[in-house]
Amino acid sequence: MIATVLCGCGRVAFQSRAEDANTTIDASAYEYVSFEAESGQVTPKFAVMPDPTASGGEYVIDTDNAGLTGPGSLINTFQLAVGPVPFYLWARVIADDSASDSFMLSVDGAAAIPFRTCVYGLSPSWQWVPVTADCPAGVDCCPTTNLGYSFTEGSHVLELTSREGGSIIDRIVVTNDPDYTGG
Ligand SMILES: [Ca+2]
Ligand SMILES: [Ca+2]
């Protein structure tokens, strides 16, 4: 937009390009690491399912009807180029039933916490949701604070295990952009 205002003067136009370059540098201060859930290590009763509406044409579902403490897992490993700074975890999910809208999530081997994919409510459509602080006792779905993880530069591991059978995850984003909303 600056280039349009200053159009007609080669020297100023050059400066505007420099400003654009600076803007790009500022934007790139945020890191976005994005990967398919199904690119991870899938152990039954977690399973990969084909779906033309899923990112990459597939998603991962916990097919264990028993839910909590059931067998199976999804393990995704990712690399970060910066840190330690607060990072946020986001996932593309379908949460269309209160009985199939959560996993247990362990980050870098820490104690597992509930990851409620219904944080923005139930919907039959794909939606992006953050990993958030847990809801009050007895509340299944609620918008709460996005959890920040002070990840160091290098390799990290996300492990999902069963909490509610039928829960679905398609794609994962790890970012230090606090204004990120998915996609
Ligand atoms: Ca639930
Ligand atoms: Ca996918």
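Coordinates for the structure precede this section.
Scope of this entry: the structure provided in the associated data block. (Residues numbered from 1 in each chain as written. Chains lettered and ligands numbered in written order. Predicted model: local features only at pLDDT ≥ 70, side-chain atom pairs only at ≥ 80, totals over all residues.)

Before going further, it helps to examine the overall build of the protein. Across its full length, the protein holds two helices and 13 strands. Looking at the protein as a whole, 30% of its 183 residues qualify as buried. (Helix = DSSP H or I, 4+ residues; strand = E, 2+ residues; numbered from the N terminus. Buried ≥ 20, exposed ≤ 12 C-beta atoms within 10 Å, placed from the backbone.)

Attention now goes to the nonpolar core. The biggest cluster of nonpolar side chains holds 30 residues, and the ones touching the most others in it are Y59, V60, A91, V93, L105, L160 and I169. Residue assignment for this core shows that the elements contributing at least two residues are β4 (58-62), β6 (85-95), β7 (102-107), β11 (154-162), β12 (168-169) and β13 (171-175). Broken down by element, this core gets its largest block of residues, seven residues, from β6. Residues in contact with A91, not counting those within four places in the same chain, are T117, V129, I169, R171 and I172. (Core = buried A, V, L, I, M, F, W, Y, C linked by C-beta atoms within 7 Å. Contact = placed C-beta atoms within 7 Å.)

Glancing now at unusual backbone geometry. Following P44, the chain continues to K45 via a peptide bond in cis, the omega torsion being 15 degrees. Looking at where K45 falls in the secondary structure, it is placed in the loop between β2 (41-43) and β3 (46-50). In this structure, the amide linkage connecting G83 to the following residue, P84, adopts the cis form with an omega of 0 degrees. Within the secondary structure, P84 is located in the loop between β5 (73-80) and β6. The residue D108 is not glycine, and still its phi comes out positive at about 50 degrees. For D108, a count of 12 C-beta atoms within 10 Å corresponds to the exposed category.

Now for the sheet that holds β12. Read across the sheet, three strands follow the order β3-β4-β12 without closing on themselves; strand pairing throughout is antiparallel. Sheet topology places β3 and β12 at the edges, where each strand pairs with a single neighbour. Here five bridges tie β3 to β4, and the two strands are oriented antiparallel to one another. Each residue of the ladder has a partner; that of P50, found in β4, is E58. (Pairing = 2+ DSSP bridges.)

Another point: the pairing of β7. Two faces belong to every sheet, and in a regular strand the side chains alternate between them. Across four bridges, the pairing between β7 and strand β8 (residues 113-116) is antiparallel. Following the sheet pairing, M104 is matched in β8 by P114. Bridge analysis of β7 against β11 gives five bridges, and the strand direction is antiparallel. The residue of β11 that forms the bridge with S106 is E159.

The subject of this paragraph is the environment of A91. Along the polypeptide, A91 turns up in strand β6. Using a count of 23 C-beta atoms within 10 Å as the deciding quantity, one classes A91 as buried. For the pair A91 and G182, spaced 91 residues apart in sequence, the C-alpha separation works out to 7.7 Å.

One open sheet holds the five strands; their spatial order is β2-β5-β11-β7-β8, and the pairing between them is antiparallel. Lying at the two open borders of the sheet, with one neighbouring strand each, are β2 and β8. Strand-to-strand twist of the sheet, defined as the mean angle between neighbouring strand axes without regard to direction, takes the value 30 degrees. Where β5 and β11 come together, eight bridges link them in antiparallel fashion. Residue pairing for β11: L80 is matched across the bridge by G154. (Axes fitted to C-alpha atoms, helices over the stretch in contact; angles between N-to-C directions.)

This paragraph deals with the environment of V42. By secondary structure assignment, the location of V42 is in strand β2. Under the C-beta neighbour-count criterion, V42 is labelled partly exposed, with 19 such atoms within 10 Å. Taking the C-alpha atoms as reference, V42 lies 8.1 Å from V60; in sequence the two are 18 residues apart. With residues up to four places along the chain from it excluded, the contact list for V42 reads A47, V48, V60 and L74.

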